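A structural walkthrough
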Amino acid sequence: MGKIFLNNCRLVHDFYQLMQKAITTFFLLLSSLVSFSQNGGQQTFFSLTFPTNSRIGALGGQDLATWNNECAYFFQNPATLDKRNSNSIFFNYTPISGHVQNSVFGISHTVKKIGNLGVGIQFLDYGIFENTSEQGVDLGETFYAKDFAASIGYSNSLTEKMNYGISLKYIYSKIETYKSAGIAADAGLVFQDTATGITAGLDLKNIGTVLSDFTETATSNLPFDLQFGISKKLSHTPFTLFLNLHDLYKFDIRYPRTETETQLIVDSTNLRVKKYTVDKIFLHANFGIQIDFGKNLKLNVGYNHQRRDELGYSVRKGMSGFSFGVQISIKKINLGYSYAVYNISGGQNNLSFSLNINQLVGVRKM
């Protein structure tokens, strides 16, 4: 028992030292990027927040606690680029509603003595619209709306168990004749200890600026976020637990309600403002669980409290905020599907495909 206790103490000490080094490196990256950021105005380019993988969609729309042989996660955290997912490619398709559809493609490669590189493209098509006057009169013309983002990422190792990474993005949006463009960066860290089954990630997302806005008076900015995720593979079980946190730079992200909803009646003459402290904490959290049925079949269930709180109908929330997914591996090709419930009227589907070319070559040589 004493030996086990000492080993656990050494593990905690090693993890603490790694996190100290990681946090120092992270804030060095942050200081080099912070000059890009700006405050105020309305956020735009929300396509940057969409899931880029069915598994991410199944875990509530966020997953910084996965580090494996798929490169799809470098959109979530560039530090997950690694020699394990070198020569990996992925594609994700998200039909949203009507003719709106989001597509993501990426590929990664490791260059000796340089590091790990990733390139990705995200394309959101809103479809074609009829051009009408303010009175609704058809002007006999059509127009389209599209968002586009191109990303290039780089990562390298800090230690055997930890990577750092950074990615740069060029973002472009067009709605009819109105155009907007921006540049952004992500900076992240990822840690993995296979002995304990713990994976953790930290990412500063969308630090940047709008280069040109839709109009001269518009004051748009990017969907900036600070996120953290951790997962734990339970020993001798098929279960992996996930906790992902978002909007960590701001405590109160609760959507404003009417005045009557924020007050609690104490008696007929006194009113006390309800603080919703517990609710404000859980609004930052996404919970998930993965169940492994062997190496080739995985099931995921997630819960996004913010989604349930903001999108669920107050009289009947149903399964709002919950999400479900399945991933299947067939001859080294990974296929995935997920469905996220927004409210009783519907939700969001995700279809994904990925493969590692190195593994396919290895199969053919056998």
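Computed from a prediction, not measured in an experiment: that's the story for all the values here.

Looking at the overall build of the protein
Along the backbone of the protein there are five helices and 18 strands. For the protein, with 366 residues in total, the buried portion stands at 43%. By sequence separation, contacts in the protein at least 24 residues apart represent 55% of the contacts at least 6 residues apart. A total accessible area of about 20000 Å² is found for the protein, and carbon and sulfur atoms account for 63% of it.

Remarks on the layout of surface pockets
Approximately 930 Å³ is the volume found for the second largest pocket. Taken together, 41 residues line the second largest pocket, and the ones lying closest to its centre are R55, N68, N69, Q290 and K298. Along the lines of polarity and charge, the residues of the lining of the second largest pocket split into nine nonpolar, 21 polar and eleven charged.

Focus on unusual backbone geometry
Despite not being glycine, E176 shows a phi value in the positive range, around 60 degrees. Topologically, E176 is positioned in the loop between β6 (162–175) and β7 (178–193). Positive phi, close to 50 degrees, is recorded for K331, a residue that is not glycine. With respect to the helices and strands, K331 occurs in the loop between β16 (322–330) and β17 (333–343).

Quick word on the packing of aromatic side chains
In total, this model carries six aromatic pairs according to the counting rule given. Between F129 and F143, the ring centres sit 5.4 Å apart and the planes meet at 20 degrees, which makes this aromatic pair stacked. Of the two residues, F129 sits in strand β4 (residues 115–132) while F143 sits in strand β5 (residues 138–159), which places them 14 residues apart along the sequence. An angle of 45 degrees between the planes, with centres 4.9 Å apart, marks the rings of Y303 and F322 as tilted. Of this pair, Y303 sits in strand β15 (residues 297–304) while F322 sits in strand β16, and the two are 19 residues apart along the sequence.

Some points on the environment of K169
Position of K169 among the secondary structure elements: in strand β6. Exposure remark for K169: the relative accessible area of 7% places this residue in the buried category. K169 has contacts with L48, A150, S151, G182, I183, A184, D186 and N206, leaving out every residue within four places of it along the chain.

Examining the pairing of β6
Where a strand is regular, its side chains alternate between the two sheet faces. In this sheet, β6 lies alongside β5 in antiparallel orientation, the contact comprising 14 bridges. Opposite S155, over in β6, you have G165 as the bridge partner. Counting the residues between successive antiparallel strands, the hairpin from β5 to β6 contains two residues.

Some words on the environment of N286
In this fold, N286 is placed in strand β14 (residues 285–292). On the basis of relative accessible area, N286 is assigned to the buried category, the value being 2%. Remark: the alpha-carbon pair of N286 and Q306, spanning 20 residues in sequence, is separated by 8.4 Å. Ignoring any residue separated from it by four or fewer positions in sequence, one finds N286 in contact with L59, G60, Q62, F242, L243, N244, H246, Y303, N304 and H305. Side chain to side chain, N286 and Q62 meet in a polar contact 2.9 Å long. Among the polar contacts listed, one links the side chain of N286 to the side chain of N304, at a separation of 3.3 Å.

What counts as what
- Residues numbered from 1 in each chain as written.
- Predicted model: local features only at pLDDT ≥ 70, side-chain atom pairs only at ≥ 80, totals over all residues.
- Heavy atoms only, no water.
- Helix = DSSP H or I, 4+ residues; strand = E, 2+ residues; numbered from the N terminus.
- Buried < 20%, exposed > 50% of the residue type's maximum accessible area, 1.4 Å probe, protein only.
- Contact = heavy atoms within 4.5 Å.
- Areas by Shrake-Rupley, 256 points an atom, 1.4 Å probe, with all protein chains shown as cover.
- 1 Å grid on protein atoms, 1.4 Å probe; cavity = no way out; pocket = protein on both sides within 12 Å on 5 of 7 lines; lining within 4 Å.
- Points joined across faces, edges and corners; volume = space filled by probe spheres on them.
- Nonpolar A, V, L, I, M, F, W, Y, C, P; charged D, E, K, R; others polar.
- Phe/Tyr/Trp six-rings, centres within 6.5 Å; stacked < 30°, edge-to-face > 60°.
- Pairing = 2+ DSSP bridges.
- Polar contact = N/O pair within 3.5 Å; in protein donor to acceptor, adjacent residues only side chain to side chain.

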